[in-house]
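# Breakdown of the fold
So you can see what is in the structure, the chains are spelled out below.
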Amino acid sequence: MSEATTQNKEYSVIGRSFPKVDARDKATGRARYTGDIKVPNMLYGKILRSPHAHARILKIDTSMAEALPGVKAVITAKDVPSTMYGISPARYDETIFAIEKVLYVGDKVAAVAAVDDETATKALSLIDVEYEVLPPVLDPLRAMDDDQPQLHPQYPRNISVEIHQNFGDVDKALAEAYHVRTDTFSGTRTSHVPMEPHAAISKWEDGKLTISCSTQSPHYFQYHIARVFGLKMGDVRVMKTFVGGGFGGKLEASGAEYVSAALAMKTGRPVKIVFDRWEVFTHHRGRHPQHITLTTGVTKEGKIVGCHARFIIDGGAYTSLGIASAYYAGAMIPLIYMFDDYRFDGFRVHTNLPSCGAQRGHGAPQPRFAFESQLDMIAKDLGMDPIEIRRLNARKPNTMTPNEFQVNSCAFTEALDKARNISGWDEKKGKLSSDKGIGIGCGGFISGNGYAIYRTRLPHSGAVIKVSEQGDIATLYTGAVDIGQGSDTVLAQMAAEAIGINYEDIKLVTADTETTPHDFGAYASRQTLMSGWAVKQAGEEIRKQVLELAAEMLEANVEDVDIDRRVIYVKGSPDKVLPFERVANEFFIMRGPLVGRGKYAPPKLGGKFKGAPVGTSPAYSFAAQVSQVEVDEETGQVMVTDVWDVHDCGQVINPMLLHAQVEGALFMGMGEAMYEAMVFDANGKPLNANLGEYRIPTALDVPHVVSDLVDSYEPAGPFGVKEVGEGATLPTMGSYANAIYDAIGVRIYDMPLTPEKVWRAIQERKRM
Amino acid sequence: MVTEAKTSVKRHIVTLTVNGDEHVALVKANTTLLDLLREEFDYTGTKKGCELGDCGACTVMLDGEPVNSCLILAVEADGHSVTTIEGLDQNGKLDPVQEAFVNHGAIQCGYCSPGMILSGRALLNRNPHPTEREVREAIAGNLCRCTGYVRIVEAILAAADANS
Ligand code: FES
Ligand code: FES
């Protein structure tokens, strides 16, 4: 057992399944998302996008569009700042509108603002752009070749980033290994597909820009938008509305904010831009398709001795957050199994396709699929059970990975054992009928990023709690961003617990750069741990002030006074009690506002080598997933009937929300495993940028899911918490592929596991 | 009734009942019911996710049947009765399907929720005690990217139980 058992404490508010704070607003349609909002005098903006994957812009004629009644502005690159933006520092390579060249079908060329949507759409069709079409780069495996066209002058041979990390002596380890395998795998360009498209409303009033938008990080939006327009950060206010899902795709400002801001500045009127579904797909910033070659060596007993991972990663047209994605791809491989010798060589290349960035599990799911598949192959070669080989190699608590990630709590072995038990593994493995199979896949993920995306000394999270003058409620001001995952609810529970009041007493003001303290936002599974620390500290500061005053009022020693759900009492004297509101009210009368403040900055983490910060985190989660499938040998159709997920996620704040996160992440993994891939024609035009042809799981596709936990407590997390929102995407692809192998003895090396691919593999096997 | 506007697009006067109240509007021939509800009447609980009939975010009940309002022209709704998510709760009391969505954690980002809830409500109106399979079929046209449908199915089944 981990230290969990020693930390078990009775909590009053955390650990309980409260409904989400905003559930009623969402269930009744009261919740307003950006696209639902109308402000007086508002114009509708639309963006003209490139029909070519690679082309030079020769001429743009906007006169006809400008002449259309109802059109208030038409803008192109010459009307807006040419400052490059992006989100990966040192790789800013996008501009509000393409300046000389367009680099993918969907690149931004011009925009209009008009009195209504229909006029704006019509105006777009009246903008005349003359292009010189250039040959596109479409194959990532050829992108670095000398004969390929160049996308960006600053990235020779279309190399976005080249990575070499080397720990220990891999060559020696592999040379001495009992058994070595080299296998190649590949993944696809899957997309976040938030149900709500990206949207923004910009206002420009008296030199101040106010943007309400669908965002995962008001802070990064504010920082980059201010930089591009040359404004003080204080003159840019970014406010989150309700957000209809992000999954990584709304971490960086899209065209919606930059362009609506530029149009608002030009017209002096508020401008709303809402992407259509085609724009959501082509803007993308989702999964990178990776080509992964793994060489892994083991001892006779199955102990992993070393691994060499090689990647070629398709980054698409622009950098987006892709530098981090490329580092994550390799950095997360040695997290869940213990071995010392590890090398990782990777290239992220540019193609004239939609730009890739961060999507749930950031960079790690496809390599994890590769590793989990290969580990099963190795187990088979050695005649070992797949769970046994994982147990043998499973990371232990209080260890360090070869790339210097410090792991504190780790109940991975316990998770494996529980997954084995609840899935009935021992009764099923190798014993199911010939069309059925069972497989395991595992994963582990960060609980927040050790370093911000750009260099800054700002702490990662801040929080302020203000108790009302009557002491009846407390308002939590946090920059943390609820995009549906439930951070508002979880942080309210943590605030109530820390103060000693009830969940219902907490009101929230969140995700507004002007009224809430700084927070980097919703990404890297960071908020429960990082925003949680700031909130806990703010709550404890209030508790301390209240108890000090209460001790005076009760004429007791402060050490003897405590509070639980609003009742302040003296330990051992049951008659000496005061209600929280009395003391809080008295505090205000005597001393002024009752406020608590908190901040969190992670400790210095990680090694000194190039790229060392990527993957550092105060804490890591672990997960084991077992899947059961049925395969129709005639058609290649795979039905996943059951999935058992066991997560090691530390102390649970809200069990209902936590399991909902596991379920959602698992289904995103399932989509990537079974159906999802953006496809393009020979000129780079997307063929399925809609929800009919890009298939995400529906209610009919889903297996029976059991989400379970192991007892765990993370010392680096407030109340012992760690990650849950992304980790469950990681094991899924591998566990499905392994289950299919168990069922029919065919190994699929590239995603997704479509009936055609499975059928072809079956035919191949039959021929042999 | 048909009028001719400046742009020579035909406009029609439509009269429809939305959530029990009569509404009259002058709409273009190509205006969808979705845009009429959202832009003219401000029933923004009806969401826009694709405008192609693929996602179900725009689901409303038309004479009690769930439909994708992005695929229906406003003129086709003339004389009909529409229920949007705003019309489900009565005097601040949630419909049992809404209540179940709240209590079962079936709502994450909430963007699919209005459509899901209406599909669920329409199902229970015609089949008060559906099987899990019937629930899944009823919401197969409503995409959700957040939940994996697990708790949505659970919530609709729970609302059915609450019926009995
Ligand atoms: S908006 Fe109507 S189905 Fe998607
Ligand atoms: S709750 Fe987000 S799409 Fe369903």
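Residues numbered from 1 in each chain as written. Chains lettered and ligands numbered in written order. Predicted model: local features only at pLDDT ≥ 70, side-chain atom pairs only at ≥ 80, totals over all residues. Heavy atoms only, no water.

### Some thoughts on the overall build of chain B
In plain terms, the rule: Counting from the N terminus, the helices are the DSSP runs of H or I reaching at least four residues and the strands are the DSSP runs of E reaching at least two. The globule rule used here is 2.2 Å times the number of residues to the 0.38 power, and the radius of gyration it is set against is calculated over C-alpha atoms.
Across its full length, chain B holds 5 helices and 6 strands. Starting at the N terminus and ending at the C terminus, chain B contains elements arranged as β-β-β-α-β-β-β-α-α-α-α. Relative to the 2.2 N^0.38 estimate, which gives 15 Å for 164 residues, the radius of gyration of chain B is 16 Å and therefore close to what a compact globule would have. When the backbone C-alpha atoms are referred to their principal axes, chain B occupies close to 55 × 30 × 25 Å.

### Comments concerning the sheet that holds strand β19 (residues 461-467) of chain A
All names here are of chain A. Let me state the cut-off plainly: Note: two strands are recorded as paired if DSSP finds a minimum of 2 bridges between them. Here, axes are lines fitted to C-alpha atoms. For helices the fit covers the stretch in contact, and angles between N-to-C directions go from 0 to 180 degrees.
Taken together, 4 strands build an open sheet; the order of strands is β21-β20-β19-β25 and the sheet is mixed. This sheet does not close on itself; its edge strands, each paired only once, are β21 (506-510) and β25 (594-600). Each neighbouring strand pair of the sheet contributes to a mean axis angle of 20°, computed without reference to strand direction. Of the pairings in the sheet, the one linking β19 to β25 comprises 7 bridges and is antiparallel in character.

### With respect to the interface of chain A and chain B
Convention followed: Any two residues having at least one pair of non-hydrogen atoms within 4.5 Å are treated as being in contact. Take the accessible area each of two parts loses on contact, using a 1.4 Å probe, and add the two losses: that sum is the buried area. Criterion for a salt bridge: a side-chain nitrogen of Lys or Arg within 4 Å of a carboxyl oxygen of Asp or Glu. In the analysis that follows, any N or O atom pair within 3.5 Å is treated as a polar contact, provided that within protein one partner can donate a hydrogen and the other can accept it, and provided that, for residues neighboring in sequence, both atoms belong to side chains. Amino acids are sorted into nonpolar (Ala, Val, Leu, Ile, Met, Phe, Trp, Tyr, Cys and Pro), charged (Asp, Glu, Lys and Arg) and polar (every other residue, Gly among them).
In this complex, chain A contributes 49 residues to the contact, which on the side of chain B involves 47 residues. Each partner contributes to the roughly 4,000 Å² buried at the junction of chain A and chain B, and carbon and sulfur atoms together form 55% of this total. Among the residues of chain A in contact with chain B, M195, A699 and L700 of chain A are the three that bury the most area, contributing 15% of the side total. Our count for the chain A to chain B interface comes out at 7 salt bridges. As a salt-bridge pair, R38 of chain B and D36 of chain A come within 2.8 Å of each other at their nearest N and O atoms. Summed over the shared surface of chain A and chain B, the number is 24 residue pairs in polar contact (both at pLDDT 80 or more). Within the residue set of the side of chain A that touches chain B, elements represented by two or more residues are α2 (23-28) and α17 (655-674) of chain A. Looking at which element gives the most residues to the side of chain A that touches chain B, the answer is α17 of chain A, with 8 residues. Counted by class, the side of chain A that touches chain B contains 23 nonpolar, 15 polar and 11 charged residues.

### Quick notes on the side chain of S113 of chain B
Here S113 of chain B lies in helix α3 (residues 113-126). With sequence-adjacent residues up to four places away left out, S113 of chain B is seen in contact with K26 of chain A together with I107 of chain B.

### Let's talk about the domain arrangement of chain B
All names here are of chain B. To keep things clear, this is the line we draw: Delimitation of the domains relies on an automatic or database domain assignment.
Taken domain by domain, chain B holds domain 1 (2-87) and domain 2 (96-163). Using C-alpha coordinates to define each centre, domain 1 is positioned 23 Å away from domain 2. Taken residue by residue, the interface counts 16 residues in domain 1 and 14 residues in domain 2. Both faces combined, the contact of domain 1 with domain 2 buries some 1,100 Å², and carbon together with sulfur accounts for 64% of it.

### Focus on the pattern of salt bridges
Residues and elements named next belong to chain A. In total, this model carries 59 salt bridges over all chains according to the counting rule given. Linking R543 and D562 is a salt bridge whose minimum nitrogen-to-oxygen distance equals 3.2 Å. Remark: D562 occurs in strand β22 (residues 561-564) and R543 occurs in helix α15 (residues 530-554); sequence separation between them is 19 residues. Residues joined in a network through salt bridges with shared partners are K208, R237, D512 and E514.

### Some points on the domain arrangement of chain A
Residue and element names in this part refer to chain A. For chain A, the assigned domains read domain 1 (3-31 + 459-600) and domain 2 (364-449 + 615-767). Domain 1 and domain 2 are separated by 36 Å when their C-alpha centres are compared. With 32 residues of domain 1 at the interface, the matching set in domain 2 holds 27 residues. Both sides together, the interface formed by domain 1 and domain 2 hides about 2,500 Å², and carbon and sulfur atoms give 63% of it. Linking domain 1 to domain 2 there are 0 salt bridges. Counting every contact that joins domain 1 to domain 2 gives 13 residue pairs in polar contact (both at pLDDT 80 or more). Those elements giving two or more residues to the side of domain 1 that touches domain 2 turn out to be α1 (4-7), α14 (487-499) and α15. Ranked by residue count, the leading element in the side of domain 1 that touches domain 2 is α14, at 6 residues.

### Topic: the packing of aromatic side chains
Residue and element names in this part refer to chain A. As a reminder, the rule being used: Working definition: a ring pair exists when centres of Phe, Tyr or Trp rings (six-membered ring for Trp) sit within 6.5 Å. Plane angles under 30 degrees give stacked, over 60 give edge-to-face, the rest tilted. Buried, partly exposed and exposed residues are distinguished by accessible area as a fraction of the type maximum, computed with a 1.4 Å probe on protein chains only: under 20%, between the cut-offs, and over 50%, respectively. Here, a charge over a ring is recorded when the distance from Lys NZ or Arg CZ to the ring centre is within 6 Å and its angle to the ring normal is within 35 degrees.
Scanning the entire structure with this criterion turns up 23 aromatic pairs over all chains. An angle of 90° between the planes, with centres 5.6 Å apart, marks the rings of Y11 and F719 as edge-to-face. Here F719 lies in the loop between β28 (704-709) and α18 (732-744) and Y11 lies in the loop between α1 and α2, a separation of 708 residues in the sequence. Like Y11, the residue F719 is buried in the burial classification. With centroids separated by 4.9 Å and ring planes inclined at 55°, the aromatic side chains of F281 and Y694 adopt a geometry described as tilted. Within this pair, whereas F281 is found in helix α8 (residues 277-283), its partner Y694 is found in the loop between α17 and β28, the two being separated by 413 residues in sequence. Here the aromatic residues F167, Y337, F339, Y342, F371, F412, F609 and F622 are joined through ring pairs into a cluster of three or more. The ring centre of F275 lies 4.9 Å from the NZ or CZ of R49, which sits over that ring.

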